Amino acid sequence: MRRMLHGMQIRGCTQKMKTINLIIDETPVKVPEQTTIMQAAETLGIHIPRLCYHPHLSLEGACRICVVEVDGARNYQTSCSTQVREGMQVRTNSPDIRQARRDLVELILDNHPKECQTCERDGQCELQDLAYSLGVRERLFEGKRKQYPIEDSSLSVIRDSEKCILCRRCVRVCAEIQGVHNLTQMHRGFNTVVTPAFEAPLMESVCINCGQCINVCPTAAFLEKKSTDEVWAALADPAKHVVVQIAPSIRAAIGEGFGLPPGTPATGQTVTALRRLGFDTVFDTNFGADLTIVEEAHEFMQRLEKNERLPLLTSCSPGWIKFMEHFYPELIPHASSCRSPMMMLSVLTKTYYAEKKSLDPENIYVVGVMPCTAKKFEAQRPEHYMENQSPYTDAVLTTRELVWMIKAYGLDFTRLSAGDFDHPMGVSSGAGDIFGTTGGVMEAALRTAVAKLTGQALTDLNLTQVRATEGLKEAALEVNGKVLNVAVANGLNNAKIILEKVKSGEKTFHMIELMACPGGCIGGGGQPYPPDGHYVLDPEILKLRASALYAIDQGKKLRQSHENPYIIKLYEEYLKHPGSELAHRLLHTSYSPRYPKGIK
Amino acid sequence: MTNSTQTKLYPEIIEFIEECLTREHPESYLISILHKLQERHGYLTREHMYEVAQRLQVPASVVSGVSTFYHFFRLKPRGRYAISICLGTACFVKGADKILEAFRKKLGINMGETTKDGLFSLENTRCLGVCGLAPVVTINDKIYSRVTPQQVPDLLSRALAD
Ligand code: SF4
Ligand code: SF4
Ligand code: SF4
Ligand code: FES
Ligand code: FES
């Protein structure tokens, strides 16, 4: 029970570690005690095949693919979970071991559909890779195979249990990183299935649509709900004016989908690719981010003045918002009423922009390219529908879906020239760019809030103290002689830690940034699968993606949202002032408790 | 789903959960709580289990995993006549498996299931401590000894006539 609830393994502390000498494949190696055989082999450049293992999740030890021979041991040992011992002699590659691993993979395949060519993960599937590298070349078994319908109740995440190999990575990420505990294994033996509690459809569960289960799944058992068909259809419809917007974090990660090294910024190529695909107008969600900051800073200053509903909780991450509605409904009054940058931009596209261009909003089709599966759900929330019952955001594509569309269209992404966004909602400050990484919303908000509160900009716009690469960060800064306590959390297990402090009153916070996904949007559930040799949740990849955004910010003259000339113009021409009646109607929203109630 | 806050659990179960909450690692009492609940209600309902999850603050996913992993948890109601076949060693040696087979055929249900009309359910027990009477079948609180497969139809009609 304890392990099921709090699955994290206790990783050894680093103080006074003994060194262990052992021999792996005839090669002596020295490693600190508590190292596993798998890790020790890695120091020698030996990659032991594996399946259930994930370096950022607790140990499962279920698949046994990672077995090795250890002298003196009666059975093969699982190298992911066996620690090294002094004098150990390990063989990772005898013919027997290779055969044993191949047998295990064949057993898995016996109960797996033969659908690779038509499968969404063809070419990016860990099971396929493993079968190939272990030399499985035949599928002989024709016996009973598990049969389940596709579970597609959710607007964000779909599930194909026939492709599930029961590695439980999804169960672990949902519990250990997200603290949602939505998934479990039910029944036993042949009937074992991964599912939300009591086999409820995802739509009726506490699922927050974050898509982290998709990211860690080695197969196609979890996927985003596809929106590419609708988007192709809109692009082909001459009556539609198709507007696309791309989230801040897309530019930092999309290149990976085309083999570029992580951290390669690709803003211009993405814009060009979108134009080639046929989008009529290409806007930047960053503009929405700048606008969010101006509205949110205004909201923050009002609350600060009246000393009410503090801390302000940020509201741009739809995974976090749904989490709050299930798990912390009592904190709903604290959440910023600002719609997310995507929603603000979609609303303005069908109002402000439509008016400017004399377009009928009915004929405008808005597509958001997002790092996030939860955005698909957000776009369908009734709060984000127009009066005519159609949504402000018509479709949301994940980064992965856009990568596929670009490939399907036959574009060589890496050779595209850099294009520019359209006006007026394509110009943004660097503050908008950093929205895509953890701490970015806080940094952007503080740049504007401090300038408004003190009448002068921060001397150093780089607020490194709120960049929460470790998942959780608290900081304090003095403004007008008053100390503001702020916190930043990504990954909802981290959010819980901070929110519990808020509830207990242990510390007074003024503003808290919350993002559902580890690392913020750059680690979103719709981002490209990691390149070979890397894992999802790898802090190195997240750091590289974040550095791409910080570099863009650093390289811009315009780094504060409220100085964006097109934002200033938008208020002059249309919204009047932050927090105006029109701004409220168009740019703000509300939340309500959801069931089933989550268990903290 | 549990939109309602109104309680459906039995007071004694709630009391037991409250008591567990005062101990260390209350979540480790989940199995005992489910046991008590099954003893009291006959089987585990989804509503009850959601409420246990809320009160014990254990994710509902964990409760559903546990309740379907262990054989002894029943997720459907027992029939009006709960037929229980001893599969202890002595009874088994004397042909309990054949009796089970006869009941399954006659009722069209498997072990752990209940007939559609809600009349009969089939389950097994371990040794009842009356091996001298093997093979043994109980229907509700009546014990039948030295049962043969041929007697199965008769046992069923006798139960109904009661
Ligand atoms: S999940 Fe992988 S192995 Fe299974 S059908 Fe898809 S590509 Fe093939
Ligand atoms: S989308 Fe997120 S919350 Fe939902 S099941 Fe997957 S990991 Fe859990
Ligand atoms: S859904 Fe994917 S991650 Fe989850 S157990 Fe199945 S194969 Fe593993
Ligand atoms: S990878 Fe070691 S048991 Fe699965
Ligand atoms: S084995 Fe059936 S009563 Fe003992």
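In this numbering scheme, every chain counts its residues from 1 along its sequence in written order. Naming scheme: in the order in which they are written, chains are lettered from A and ligands are numbered from 1. Owing to the predicted nature of the model, reporting of local features is limited to residues with pLDDT of at least 70; listing and counting of side-chain atom pairs is limited to 80 or more, with chain, interface and lining totals taken over all residues. Heavy atoms throughout the structure, all of them, feed into the side-chain values; hydrogens and water do not.

A. Structural detail: the domain arrangement of chain A. All names here are of chain A. Residue ranges assigned to the domains are those given by an automatic or database domain assignment. As far as domains go, chain A holds domain 1 (6–93), domain 2 (117–126 + 134–225) and domain 3 (229–587). In this structure, domain 1 and domain 2 have C-alpha centres spaced 27 Å apart. Contacts between residues were defined by any pair of non-hydrogen atoms, one from each residue, lying within 4.5 Å. Facing the twelve residues of domain 1 at the interface are eleven residues of domain 2. Across the interface of domain 1 and domain 2, roughly 1,000 Å² is buried in total on both sides, 60% from carbon and sulfur atoms. The working definition used for a salt bridge is a side-chain nitrogen of Lys or Arg within 4 Å of a carboxyl oxygen of Asp or Glu. The tally of links from domain 1 across to domain 2 stands at two salt bridges. Among the salt bridges present, the one from E60 reaches R168, with a minimum N-O distance of 2.9 Å. Here a polar contact is taken to be a pair of N or O atoms separated by no more than 3.5 Å, where protein atoms must pair a possible hydrogen donor with a possible acceptor and residues adjacent in sequence count only if both atoms sit in side chains. Taken together, the connections running from domain 1 to domain 2 amount to seven residue pairs in polar contact (both at pLDDT 80 or more). The residue classification treats Ala, Val, Leu, Ile, Met, Phe, Trp, Tyr, Cys and Pro as nonpolar and Asp, Glu, Lys and Arg as charged. All others, Gly included, are polar. Taken together, the residues of the side of domain 1 that touches domain 2 sort by class into seven nonpolar, four polar and one charged. Buried area is calculated as the accessible area (1.4 Å probe) missing from two parts once they are joined, with the contributions of both summed.

B. Quick look at the pattern of salt bridges. Residues and elements named next belong to chain A. Counted according to the given criterion, the structure contains 42 salt bridges over all chains. Between R545 and E256 there is a salt bridge, with its nearest N and O atoms 2.7 Å apart. With R545 in helix α18 (residues 539–555) and E256 in the loop between α8 (250–253) and α9 (267–277), the pair connects residues that are 289 residues apart, well separated along the chain. Each of the two residues, R545 as well as E256, counts as buried. With a shortest N-O distance of 2.6 Å, K507 and E474 are connected by a salt bridge. Taken together, the positions of K507 in the loop between α17 (492–504) and β17 (511–515) and E474 in strand β15 (residues 472–479) put the pair 33 residues apart, joining distant regions of the chain. Under the DSSP-based scheme used, a helix requires at least four consecutive residues in state H or I and a strand at least two consecutive residues in state E, with every element numbered from the N terminus. Any residue under 20% of the maximum accessible area for its type is buried, any over 50% is exposed, and the rest in between are partly exposed; the area is computed with a 1.4 Å probe on protein chains only.

C. Spatial organisation of helix α7 (residues 152–161) of chain B. Residue and element names in this part refer to chain B. For α7, the full list of buried residues reads V152, L155, L156 and A159. For α7, the buried positions fall inside an angular range of 100 degrees around the axis, keeping them on one side. Buried residues along α7 sit against β1 (81–86), α6 (96–107), β2 (120–125), β3 (137–139) and β4 (142–144). Note: the arc covers the axis-to-C-beta directions of the helix.

D. Here's a closer look at the sheet that holds strand β4 (residues 77–78) of chain A. Residue and element names in this part refer to chain A. Overall, mixed pairing links the five strands, which are arranged β2-β1-β5-β3-β4 in an open sheet. This sheet does not close on itself; its edge strands, each paired only once, are β2 (27–32) and β4. Inspection of the sheet shows strand β1 (residues 19–24) paired to β2 by six bridges, in the antiparallel sense. Within the sheet, the bridge partner assigned to T19 lies in β2 and is P32. The pairing criterion for strands is at least two bridges between them, as found by DSSP.

E. A look at helix α19 (residues 565–575) of chain A. All names here are of chain A. Every buried residue belonging to α19 is among I567, L570, Y571, Y574 and L575, and all of these are buried. Taken down its axis, α19 places every buried residue within 110 degrees of arc, on the same side. For α19, the side-chain oxygen to backbone nitrogen distance between the N-cap and Y566 is 2.9 Å, and the N-cap itself is N564. Following α19 by one or two positions, K576 adopts a phi angle in the positive range, close to 75 degrees.

F. The environment of L140 of chain A, seen in detail. Assignment of secondary structure puts L140 of chain A in the loop between α4 (126–133) and β6 (157–159). Spatially, the C-alpha atoms of L140 of chain A and D110 of chain A are 7.9 Å apart, while their sequence positions differ by 30 residues.

G. Representation of the sheet that holds strand β10 (residues 241–246) of chain A in the model. Residues and elements named next belong to chain A. Spatially, β11-β10-β13-β14 is the arrangement adopted by the four strands of the open sheet, whose pairing is parallel. Strands at the two margins of the open sheet, each flanked by one partner only, are β11 (281–284) and β14 (395–398). Averaged over all pairs of adjacent strands, the angle between their axes in this sheet comes to 25 degrees, without regard to strand direction. Pairing of β10 with strand β13 (residues 364–370), which is carried by six bridges, proceeds in the parallel orientation. Bridge pairing in β13 links I246 to V369. Simply put, an axis is a line fit to the C-alpha atoms, just over the touching stretch for a helix, and the angle between two N-to-C directions goes from 0 to 180 degrees. Along the sheet, helix α14 (residues 399–408) makes contact with β13 and β14, crossing β14 at roughly 85 degrees.

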